[in-house]
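Here are the chains, one letter per residue:
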Amino acid sequence: MQLDVLSFACRSLDTSPKLSVEIRASFEFDRMLGNGEVVGKFEISWDALLDHGNEPFDISFPPVHGVHPSLTLKAAVLHPCDNHDNVVLDSIVESEIARETDAGHERFATYVTSKTVSHLNDAVQHFQLVLNQCPIGHPDRAAALTNLARARLEGYIEKDLQDIDYITSLFREALALRPQGNPDHPSSIYHLIEALTWCYSKENFTAVYIQESVQLCCNLLLLCPEGTYLCSIAADDVDYVIRECNKLPIDASDEGIYLRRVVLELCPLGNEHRPNALDMLARALRTRFKQCGSIDDLDECIQRSREAVSLCPEGDSERHSYLNYLASSLQSHFNHQGKYHDLNEAISLHEEALRLCPVGHKYRDFSLNNLGDALFIRFHQRGDVNDINRAVSLQHEALTLRPPGNPDRDSTLNNLANALRSRYDKLDVSEGLNEAIDLYRDSLQLRPHGHPLHHQALYNLSAVLCSRFTQTQKDEDVEEAIQLCQESLEALPSLYPDRYFSYVGLQEAYLSRYRVQGKSADLSLAVENFRLASRHPTQGFPGRILIAWNWIDAAERHSDPSTLEAYTTFFDLLDRHLASRSSAISRREAATAFRDAQSLPADAASCAIRRDDLRGAVELLEQGRGQQWSLASRLRTPLEDLDFTNPNLAHKFSELSKCLSETQGPAVSTDRAAADRAETQYRKLTEQWGAVVAEIRDLKGFSRFLLPPMYEDLQAAARHGPVIILVASQYSCSAIIVPTSGDPHHVPLASITLTDLNNLKDRFARAIRQSSRMRPAESRTDLIVLSRTIWEEIMLPIVNVLEHVLKLKRQSRIWLCPTAAFTSIPLHAAHPFQTKADRSKEPCLEDLYICSYTPTLSALIRSRQMMKKRVPPSFMAIGQGKPRAGKGKELLAVDSEIELVRKLVPATVHRTTISGDAATRAGALQALQENNWVHLACHGKQDREQPYNSYFVMKDEPITLLDIMEKDIPHAEFAFLSACHTAVGDEETPDEVIHLAAGLQFSGFKSVIGTLWEVDDAVAKHVVKAFYENMFEDLEDGGVMDCTKAAWALNRATHSVKTKVPLEQRMVFIHVGV
């Protein structure tokens, strides 16, 4: 509204002692229709007016629509006026449109004060006549529409008129005639908002009216900056729209979520409604996640919930609600992604929410129910009986607060039944089973057909009936269980995430019935539902991995033909799950969640061997082992062939791989919101990277780009000598020899079992510890016995095949690739310790062959591929014998070892050393980056809890395995790690081969000497001296430094120091790589 029309009349000072002023308001900024609406009158005597002299003065009027209009006047006498020459300022003769408009305004103003319907009818009639005379295209049509609509709206508000749809149509047409840029566009938006909000409040709160108002409010505020008149009068309407939208039911459609986003736009920082608007958007996003399974929705839900909590300070009455919802969303994230910190944070938030809801609080039941559910989930993960007992207790209390008739009783019935069933399944607390069935039935009654959680009630009841069938073997239980799951599937769309649970329920029921009745059809149906559940695309990876694992177990137990398919499915899902993690540590955390499945690569190979599929066994071992290195190496894939075929795709892949490498998430973050954002960014980059990989696979010749390699590809690892894979499985122990050409060879190790290997591993660890306390001259009897066992039980059958089948010449190279328990046994030290009849000694393994190790076949292939690029050698010796306090004892022989190495390196080679105070973390890392030959003498520490934190001790800070992995040094060739524990992995994930030597190999060093246990620096120098003497013996004759000689040089060195170095200190060194 603009107060822009002033109409006044005055007579001579003699005939009229007063000045009369009339103020009129126009609702148009642009062209005005009529003289406007009279909103105030004013009279003042001439004398009083002239008393102000030349000074301006203000005249105020009664408020209009909440605004106090005023005028600023200035009076002056211009010339005298004769009494007989009265001058009357007559109005200009108005057109009929103007007269009718003014008449309408006059009658409408009267109606507003008198509420007499006849005055309203007259006003409407005048305004309708004006509209009739302003056809489409007439410049005053928009104003005529607005005047008529305003009058009719006032009548609607006062219940004197109906037909709100006609009223809103008038406002809509007026708005259409005043597009953006028209001075009256904002006011037309405001009028339509006002009409829609009144309509919403009076027409049974029909959502469509308030939904349209939201977008209009957003448009209006963009056009009316803070402080403008229109913004001030619209504030109440906008506030009402926000409040009412926040009361609307959750709508997870695209339109519903768009609405929530618009409402949030209306609530900038500082707006009192912002926390609620954030919460409602979060709820809509999580609902859509439950329906569609998009992790992006859940990520944003958590982000919005975090902000809502942050805006709700301690003491706010709504804080408990926001805490509960954030916690529940984090639980969903844990279920989908398997990140333990999500579950731990959820429980912490639920605990806080419960503290805010003491006994007697009206929302205590929600916190009890939610915390109990979170503890139930943690019990499933960690098996702490305290969690499940407390969960049952909390749910019982919640149920007492939700008596029959309570709208949320069904949820607590379900959750209490979940807890009781879980306690029965895990702890065999049988008295809870029938109670759980009764509770599930009660919950199902409260969730009838059409209820959004009807399907959940069906498959939960099915699961507990299946448990009872296993106990009682009553057919009616399992038949009802199958029927319930089938009914739940019928209730859900094909991609609904929860179909996964129905498939799981069906496989459990069919498998249970098969185990009791032995009908092969039931096993086939169980396998089919294993397949469907593990491949359900909208369910999170952890659940699908778990069901694939159960599929393996069932297929192995019952010798089902699908066993190998189950293994392949498991490895593929685990690979994709780990690939979604943004850091090496988080990937390992994800892998250790399935620590009990660590034997699966060897078990898969054993299964393939039993099916006479040796090529498949090699492929499965490679797919299932070393996944951490495999994932990391994908971002460093050589692209020469791709660059030649399609340089644009090669560039896109390279750039995205670089971005992913640089976006590696932090190992630990205390800022959960920032960590969530980083994870989301990483996942989106991963999706883009995956799309480019798919494009590459469409190219001719690249169909298997970055897919698990086939046997033909893997055989390249044996180009310079056979690779011997040692398979340690619960089903059988054996070796697979991959020759330079042809099919692999199977070597059964019939006399040894997995239990034997674990015992052998433990005995070796004890013998090594005992030997370290012995004098050098003392006989290592225990080690000799154990080395003989390795020879007789493990390596001799393999050597027989190498000698008699493959005809492998002595002193040829072989590569050992141990799995599972074999990784902790020094296979290269196999020795008969026997004398022949002619008094000559029986040869040991290292007498016969030059032994190296490789973590996987792919790692060896990758190192060989990188050998194509050779640069002139530069040698760096790094020594640190005096670590800072608390980082190990002083190593007295390090400085002399570094000096010894420096002297042994040929003078023709660029060589440098750093030691003492100069051997810092930064200095050593720079040396690794800048030199392609490195000797490292210092303390080494293998962190068995978190192997990525294994480290070399420097003067200030350690160099961790993660530091090494971040380096990409393609020109690097050789590293000698004269430090303890540099080539031994952790026990939880032995097949991942996560240790310092493997890390250096990954970063680019093709050939690495590492250690299996503690090194005695006083005697290690003898091995070091002999090694480099052999390594560089032919350089004086014009030879070149060749890292592929390292295995041979180590073999010669350990032979030559037998009289100087005790057995365990000769065994400790191994060669890894080319």
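The rules we used
- Residues numbered from 1 in each chain as written.
- Predicted model: local features only at pLDDT ≥ 70, side-chain atom pairs only at ≥ 80, totals over all residues.
- Heavy atoms only, no water.
- Helix = DSSP H or I, 4+ residues; strand = E, 2+ residues; numbered from the N terminus.
- Buried < 20%, exposed > 50% of the residue type's maximum accessible area, 1.4 Å probe, protein only.
- Contact = heavy atoms within 4.5 Å.
- Lys, Arg positive; Asp, Glu negative; His and termini not counted.
- Charge placed at Lys NZ, Arg CZ, Asp CG, Glu CD.
- Salt bridge = Lys/Arg side-chain N within 4 Å of Asp/Glu carboxyl O.
- Axes fitted to C-alpha atoms, helices over the stretch in contact; angles between N-to-C directions.
- Parallel < 35°, antiparallel > 145°, perpendicular 65-115°, else oblique.
- Left-handed = near helix turned anticlockwise from the far one by under 90°.
- Nonpolar A, V, L, I, M, F, W, Y, C, P; charged D, E, K, R; others polar.
- Pairing = 2+ DSSP bridges.
- Patch = residues over 30% accessible without salt bridge, like charges linked within 9 Å, V, L, I, M, F, W, Y side chains within 5 Å.
- Areas by Shrake-Rupley, 256 points an atom, 1.4 Å probe, with all protein chains shown as cover.
- 1 Å grid on protein atoms, 1.4 Å probe; cavity = no way out; pocket = protein on both sides within 12 Å on 5 of 7 lines; lining within 4 Å.
- Points joined across faces, edges and corners; volume = space filled by probe spheres on them.

Engineer: How would you summarise the overall build of the chain if you had to cite specific residues and measurements?
Structural biologist: Assigned secondary structure in the chain consists of 42 helices and 19 strands. Its C-alpha atoms put the chain at 155 × 80 × 60 Å along the principal axes. In the chain, buried positions account for 55% of the 1074 residues. In the chain, 69% of the contacts between residues at least 6 apart in sequence involve partners at least 24 apart. Charge separation in the chain, taken as the distance between the mean sites of 113 positive and 145 negative side-chain charges, equals 10 Å.

Engineer: Break down the pattern of salt bridges for me, with residues and values.
Structural biologist: If you walk through the whole model with that rule in mind, you get 45 salt bridges. A salt bridge links Arg683 to Asp299; the nearest nitrogen and oxygen atoms lie 2.5 Å apart. With Arg683 in helix α30 (residues 672–697) and Asp299 in helix α11 (residues 295–310), this pair connects stretches of sequence that are 384 residues apart. Put simply, Arg364 and Glu397 hold a salt bridge, and the shortest N to O gap is 2.9 Å. Of this pair, Arg364 sits in helix α14 (residues 364–382) while Glu397 sits in helix α15 (residues 385–400), and the two are 33 residues apart along the sequence. By relative accessible area, which is 12% here, Arg364 ends up buried. Here the salt bridges do not stand alone but share partners, grouping Asp296, Asp299, Arg683, Lys684 and Glu687 into one network.

Engineer: Any chance you could break down unusual backbone geometry for me, citing the residues and the numbers?
Structural biologist: With phi around 60 degrees, Lys115 is a residue other than glycine that occupies positive phi space. Counting through the fold element by element, Lys115 comes out in the loop between α2 (96–114) and α3 (117–132). Even without glycine at this site, Ala820 takes up a positive phi of about 45 degrees. Note on placement: Ala820 falls in the loop between β9 (812–818) and α34 (845–848).

Engineer: Can you break down the packing of helix α4 (residues 141–157) against helix α5 (residues 164–177) residue by residue, with the values?
Structural biologist: Packed helix pairs are specified by the crossing angle of their axes together with the interaxial distance, meaning the distance between the axes. Two numbers describe how α4 lies on α5: the axes approach to 9 Å, and their chain directions differ by 155 degrees. Here α4 lies roughly antiparallel to α5, going by the angle between them. Classified by chirality, the crossing of α5 by α4 is left-handed. Where α4 approaches α5, its residues Arg141, Ala142, Leu145, Thr146, Leu148, Ala149, Arg150, Arg152, Leu153 and Tyr156 are matched on the opposing element by Ile164, Tyr166, Ile167, Leu170, Phe171, Glu173, Ala174 and Leu177.

Engineer: Can you explain the packing of helix α6 (residues 185–202) against helix α7 (residues 207–223)? Please cite residues and give values.
Structural biologist: It is at 9 Å that the axes of α6 and α7 come closest, and there the two elements cross at 155 degrees. When the axes of α6 and α7 are compared, the pair comes out roughly antiparallel. Remark: the crossing between α6 and α7 carries left-handed chirality. Where α6 approaches α7, its residues His185, Pro186, Ile189, Tyr190, Leu192, Ile193, Leu196, Thr197, Cys199 and Tyr200 are matched on the opposing element by Ala207, Tyr209, Ile210, Glu212, Ser213, Leu216, Cys217, Asn219, Leu220 and Leu223. Taken together, the residues that form the contact of α6 with α7 break down as 15 nonpolar, four polar and one charged.

Engineer: Explain the sheet that holds strand β15 (residues 951–952) to me, using residue names and the numbers behind them.
Structural biologist: Within the open sheet, the three strands sit side by side as β14-β15-β16. Their pairing is antiparallel. With partners counted over all chains shown, the strands left at the sheet margins are β14 (940–941) and β16 (959–960), one partner each. Note that β14 and β15 share two bridges and pair antiparallel. Pairing of Lys941 across the sheet is with Tyr951, part of β15.

Engineer: Tell me about a positive patch on the surface, and please be specific about residues and values.
Structural biologist: Judged by side-chain charge, Arg763, Arg766, Arg769 and Arg773 come together as a positively charged surface patch. Note on placement: Arg769 falls in helix α32 (residues 754–772).

Engineer: Break down empty space enclosed by the protein for me, with residues and values.
Structural biologist: This model, assessed by the stated rule, comprises five cavities of 30 Å³ or more. The calculated volume of the largest cavity comes to roughly 180 Å³. Forming the walls of the largest cavity are 16 residues, and the residues nearest its centre are Leu574, Ala597, Gln598, Gly624 and Glu992. Of all the secondary structure elements, the ones that give two or more residues to the lining of the largest cavity are α23 (563–579) and α25 (600–610). Top element by residues in the lining of the largest cavity is α23. It accounts for three residues. Residues of the lining of the largest cavity, tallied by class, amount to eight nonpolar, four polar and four charged. Taken as a whole, the second largest cavity spans an internal volume of roughly 110 Å³. Put simply, the parts of the chain that give the lining of the second largest cavity at least two residues each are α11, α12 (319–337) and α30. In terms of residue count, α30 provides more of the lining of the second largest cavity than any other element does, five residues in total. Each residue belonging to the lining of the second largest cavity can be placed in one class, and the counts come to two nonpolar, five polar and six charged.

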